[in-house]
Amino acid sequence: MMVRIIYSWNVAPENLELFIATWKRTTNRIHEEVKGAKGSFMLQNNSNPGEIKTIAKWDSLEDWKKFWQDSKPGQMQSMHDLGERVSVEVFTEVDDFTK
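Now for a quick tour of the structure.

Conventions used here
Residues numbered from 1 in each chain as written. Predicted model: local features only at pLDDT ≥ 70, side-chain atom pairs only at ≥ 80, totals over all residues. Heavy atoms only, no water. Core = buried A, V, L, I, M, F, W, Y, C linked by side-chain atoms within 4.5 Å. Buried < 20%, exposed > 50% of the residue type's maximum accessible area, 1.4 Å probe, protein only. Helix = DSSP H or I, 4+ residues; strand = E, 2+ residues; numbered from the N terminus. Contact = heavy atoms within 4.5 Å. 1 Å grid on protein atoms, 1.4 Å probe; cavity = no way out; pocket = protein on both sides within 12 Å on 5 of 7 lines; lining within 4 Å. Points joined across faces, edges and corners; volume = space filled by probe spheres on them. Nonpolar A, V, L, I, M, F, W, Y, C, P; charged D, E, K, R; others polar.

## Section: the nonpolar core
Item 1. In this structure, Trp 9 and Trp 58 are the most contacted members of the largest nonpolar core, which totals 20 residues.
Item 2. It is strand E1 (residues 3-11) that contributes the most residues to this core, five residues altogether.
Item 3. With residues up to four places along the chain from it excluded, the contact list for Trp 58 reads Met 2, Val 3, Ile 5, Ile 30, Val 34, Lys 35, Gly 36, Ala 37, Lys 38, Asp 63, Trp 64 and Phe 67.

Below is the structure:
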């Protein structure tokens, strides 16, 4: 069953551009290299640009848990260097009508 993982981040204004570029490289690398990773997208709060959400899609909760055996996998360390991960939420995908 597909899952979506929602990461909430606080990123200082001076780190925002580099954080976004780093996320692009990181998420694409994870999608290409890690079993079960289906990619992700990023949202930025219009009233608070430093508030970022990244939403990752995984084949299963088990695949995601295997990836997160450690709380900060090496692939994501550079993002943690630029922003503070505030929360991680796991949701089961019920349906998806996006194209």
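Let's pick the thread back up.
## Let's talk about empty space enclosed by the protein
Item 1. All told, the structure shown has one cavity of 30 Å³ or more when counted by the stated rule.
Item 2. Estimated volume of the largest cavity: approximately 140 Å³.
Item 3. Along the walls of the largest cavity sit 16 residues, with Tyr 7, Thr 27, Ile 30, Ser 40 and Ala 56 positioned nearest its centre.
Item 4. Put simply, the parts of the chain that give the lining of the largest cavity at least two residues each are helix H1 (16-33), strand E2 (37-44) and strand E3 (51-58).
Item 5. Counted by class, the lining of the largest cavity contains nine nonpolar, five polar and two charged residues.

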